[in-house]
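Observations on chain architecture
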Amino acid sequence: MILTQIVPTPVGPLALLAHDGALVAAGFTADPREMYARLSPSLRALPLREDDLGDAALAVREYLDGKIDALDRVPARQPGTPTRQRLYEALRAVPAGTTVSYAVLAERAGLPRTAARAAGSACAQNLVAPFVPCHRVLPSTGGYGGYYYGTPVKEWLLAHESGVA
């Protein structure tokens, strides 16, 4: 069973999907089926049911109330190669209120700086935003870069974490 809950945020609804005590998807949409469609075939084979996700939803509320590290405690799991898993671990280690470049993220995952494209690809395919905080990664050339849920959402998350929002 994939359990789901929608949590309201200032930048729109956040759909949370969990399986076996860990988030397997999260994203800024009012329709959890959009996230469900991106899951692995083995997880898509499981039924989707609305439920109270307890600590995951509480962590979102605490994050929105200013405890910007609250999302860090929520277990998250998503598929990927060993390299992709290292990149996701490195992403989760980027503290709220800070940012890194794609090249720095690659280095923190034990890859050369030239693996910035691999870091960008991991961010683009991240299923558990903002718990795996790809919004904290910026291009070294400046600006915000892309974000699956739109640049305004990324800008708001960064401003919120820096105390500006």
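All of these numbers come straight from a predicted model, not from anything done at the bench. Think of each chain on its own: its residues are numbered from 1, step by step along the sequence as written. For a predicted model such as this one, the threshold for reporting local features is a pLDDT of at least 70, and the threshold for listing and counting side-chain atom pairs is 80 or more; totals across whole chains, interfaces and linings nevertheless cover every residue. The side-chain figures draw on all heavy atoms in the structure; neither hydrogens nor water molecules are used.

Details of the pattern of salt bridges
A side chain with one charge can pair with a side chain of the opposite charge if their charged atoms come near. Put simply, the rule reads: What makes a salt bridge here is a side-chain nitrogen of Lys or Arg within 4 Å of a carboxyl oxygen of Asp or Glu, nothing more. Note on classification: 1.4 Å probe, protein chains only; a residue is buried when its accessible area is under 20% of the maximum for its type, exposed when over 50%, partly exposed between these limits. Each helix is a run of DSSP H or I of at least 4 residues and each strand a run of E of at least 2, with the numbering of both proceeding from the N terminus.
Under the counting rule described, the total for this entry stands at 6 salt bridges. Two residues, R33 and D31, come together in a salt bridge whose shortest N-O distance is 2.9 Å. Take D31: its relative accessible area is 23%, and that puts it in the partly exposed class. The salt bridge partner of E161 is R136, with a shortest N-O separation of 2.9 Å. Placement of the pair is E161 in helix α7 (residues 151-161) and R136 in the loop between α6 (116-124) and β6 (137-138), with a sequence separation of 25 residues. Taking relative accessible area as the criterion, E161 reaches 5% and is therefore assigned buried. Through salt bridges with shared partners, one network takes in D55, E62 and R73.

Some remarks on the domain arrangement of the chain
Heads up, the condition is: Domain start and stop positions are those given by an automatic or database domain assignment. The contact definition used throughout considers only heavy atoms, calling two residues in contact when any of these lie within 4.5 Å. Once two parts are brought into contact, the accessible area they lose, counted with a 1.4 Å probe and summed over both, makes up the buried area. N or O atoms closer than or at 3.5 Å make up a polar contact, with two conditions inside protein: a donor-capable atom paired with an acceptor-capable one, and, for residues adjacent in sequence, both atoms drawn from side chains.
The assigned domain composition of the chain is domain 1 (2-65) and domain 2 (82-162). Summarising the inter-unit geometry, the C-alpha centres of domain 1 and domain 2 are found 20 Å apart. Of the residues lining the interface, 16 residues belong to domain 1; the matching set on domain 2 comes to 17 residues. In total, about 1400 Å² of surface goes out of reach between domain 1 and domain 2, with carbon and sulfur atoms giving 69% of it. Of all residues in domain 1, F28, R38 and Y63 give up the largest surface area on contact with domain 2, accounting jointly for 49% of the area buried on that side. At the junction of domain 1 and domain 2, the tally comes to 0 salt bridges. Summed over the shared surface of domain 1 and domain 2, the number is 4 residue pairs in polar contact (both at pLDDT 80 or more). Put simply, the parts of the chain that give the side of domain 1 that touches domain 2 at least two residues each are β2 (14-19), β3 (22-27) and α3 (55-64). At 5 residues, the largest contribution of residues to the side of domain 1 that touches domain 2 is made by β3.

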